[in-house]
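Structural description and commentary
The chain contents come next:
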Amino acid sequence: MTGEFCIGIDLGGTNLRIALLDAKYKIEDRESLSTRRFKNRRSLIAAIGKSVDNILARNRLKTKNILGVGIGLPGQVDFVRGIVHSLTNIRGWREVNLKRILQTKLRLPVFLDNDVKLMTLAEYTLGAARGAQNAVCLTLGTGVGGGIILEGRLYRGCSNAAGEIGHLPLNENGHRCNCGGFACLETYIGNNTILKKARKIFKEDISLEEVSRRARFRDHKAIEFWSDVGLHLGNALTGVVNILNPDVIVIGGGVANAGKVLFGQVKKVLSGRAMRVQASNVKIMPAKLGNDAGLIGAAIMVKAGVENR
Ligand SMILES: [Zn+2]
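Conventions and cut-offs
Residues numbered from 1 in each chain as written. Predicted model: local features only at pLDDT ≥ 70, side-chain atom pairs only at ≥ 80, totals over all residues. Heavy atoms only, no water. Donors = N, O, S within 2.8 Å, 3.2 Å for Na, K, Ca; no water. Tetrahedral: all angles 85-135°; square planar, octahedral: opposite > 155°, others 65-115°. Core = buried A, V, L, I, M, F, W, Y, C linked by side-chain atoms within 4.5 Å. Buried < 20%, exposed > 50% of the residue type's maximum accessible area, 1.4 Å probe, protein only. Helix = DSSP H or I, 4+ residues; strand = E, 2+ residues; numbered from the N terminus. Contact = heavy atoms within 4.5 Å. 1 Å grid on protein atoms, 1.4 Å probe; cavity = no way out; pocket = protein on both sides within 12 Å on 5 of 7 lines; lining within 4 Å. Points joined across faces, edges and corners; volume = space filled by probe spheres on them. Nonpolar A, V, L, I, M, F, W, Y, C, P; charged D, E, K, R; others polar. Pairing = 2+ DSSP bridges. Axes fitted to C-alpha atoms, helices over the stretch in contact; angles between N-to-C directions.

1. As for the coordination of the zinc ion
In this structure, His 167 (ND1), Cys 177 (SG), Cys 179 (SG) and Cys 184 (SG) serve as the protein donors to the zinc ion, at separations of 2.0 to 2.3 Å. Seen from the zinc ion, its four donor atoms lie at angles of 100 to 121°, and the figure they make is tetrahedral. Each donor residue of the zinc ion lies on the same chain, and together they follow the pattern H-x9-C-x1-C-x4-C.

2. Some details on the nonpolar core
By size, the foremost hydrophobic cluster in this structure holds 37 residues, and its most contacted members are Trp 226 and Leu 233. Looking at this core, the elements with two or more residues in it are strand 8 (135-140), helix 4 (185-189), helix 5 (191-202), helix 6 (208-216), helix 7 (220-244), strand 11 (248-252) and helix 8 (260-273). A per-element tally of this core places helix 7 first, with 10 residues. Non-local contacts of Leu 233, meaning those with residues more than four positions away in its chain, are made with Leu 138, Leu 140, Leu 185, Ile 189, Ile 251 and Val 266. Residues Ile 7, Leu 16, Ala 47 and Leu 112 belong to the second largest nonpolar core, which totals 33 residues.

3. Examining the layout of surface pockets
Estimated volume of the largest pocket: approximately 1600 Å³. As for the largest pocket, its lining consists of 43 residues, of which Pro 74, Asp 115, Val 116, Thr 139 and Gly 143 are closest to the centre. In this structure, the second largest pocket occupies an estimated 410 Å³ of space. Considering the residues around the second largest pocket, the lining is formed by 17 residues, among which Phe 79, Arg 153, Arg 156, Ala 304 and Asn 308 are closest to the centre. Secondary structure elements with two or more residues in the lining of the second largest pocket: helix 3 (115-125), strand 10 (153-154) and helix 10 (293-307). Take the lining of the second largest pocket: its biggest share by element is four residues, from helix 10. Grouping the amino acids of the lining of the second largest pocket by side-chain chemistry returns nine nonpolar, four polar and four charged.

4. So, the sheet that holds strand 11
Within the open sheet, the five strands sit side by side as 10-9-8-11-12. Their pairing is mixed. Each of the sheet's edge strands pairs with one partner strand only, and the pair in question is strand 10 and strand 12 (283-286). Lying on the sheet, helix 7 is in contact with strand 8, strand 9 (144-150) and strand 11; it crosses strand 8 at an angle near 160°. Packing of helix 8 onto the sheet brings it into contact with strand 8, strand 11 and strand 12, and relative to strand 12 it is tilted by some 165°.

Remember that the coordinates give geometry; whether it matters functionally is a separate question.
This is how it looks when you write it as structure tokens:
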């Protein structure tokens with residue numbers, strides 16, 4: 001039973017999660033560590049090695065039972081060369097050849113990509129975009145990430161950086177964005193922006209979860225708040241739908257929990273503003289696989305990567 005399992009790793013700003021997945025992408029074992037406890041890159045990479053060892057030992061597996069290791073990272077990652085260009089909210093990761101470092105350390109094939117691209121692969125293979133040939137996935141959080149499936153394949157672009165829907169410019173003028181540009185979608189609906197706005201509107205130290213809860217209980221101000229978020233998102237997606245003509249747009253991430261009001265508004269904007277043919281064929285769906293999408297996508301990437309070598 002050589003190479004029946006994969007190791008999936010999801011490095012986030014808050015948690016570093018390492019999992020063992022079987023051939024059907026079922027998670028058999030996992031470890032989770034706080035990302036903030038690592039002072040530097042070296043200690044984080046050492047912890048990955050230790051977790052992989054722990055998981056193999058606990059499951060009585062050897063490296064020969066593992067097909068490879070897949071890692072999703074929050075930032076700009078070159079899938080082909082295995083280089084991390086930079087990470088959002090984690091310091092010390094400029095132009096790091098993580099693939100080479102980890103392959104030497106773990107003695108296993110290693111593949112890496114942007115975390116939202118892996119979520120997209122997972123939702124396309126097993127989740128909300130299953131069966132679609134053309135799909136766009138978005139995650140709404142501190143950052144707004146995106147991934148694109150075109151004609152049944154993850155679209156990566158010439159420098160493996162495609163899919164950044166959060167950095168679609170919505171206006172000629174506007175706030176500076178983390179990406180170096182300005183007036184990007186993320187500056188309108190990223191968590192930091194909308195949280196500030198919520199605290200102004202509700203005049204209290206409110207959380208976005210609470211605003212979602214109030215919207216479900218038909219609180220007028222909360223509904224208006226999420227409609228406004230949906231308006232910006234719908235405007236950006238109008239361009240995406242007109243250009244890419246996807247079967248489905250999958251929306252995940254914390255803010256997606258705002259549910260009905262947000263999705264309703266996005267649909268309304270699309271039907272009013274996008275081109276008729278594209279708009280009438282696109283479905284807007286919530287992500288299905290939740291927090292584990294990144295780990296599952298990592299294993300899918302490993303399988304495809306090993307098969308293509
Ligand atoms: Zn931007």
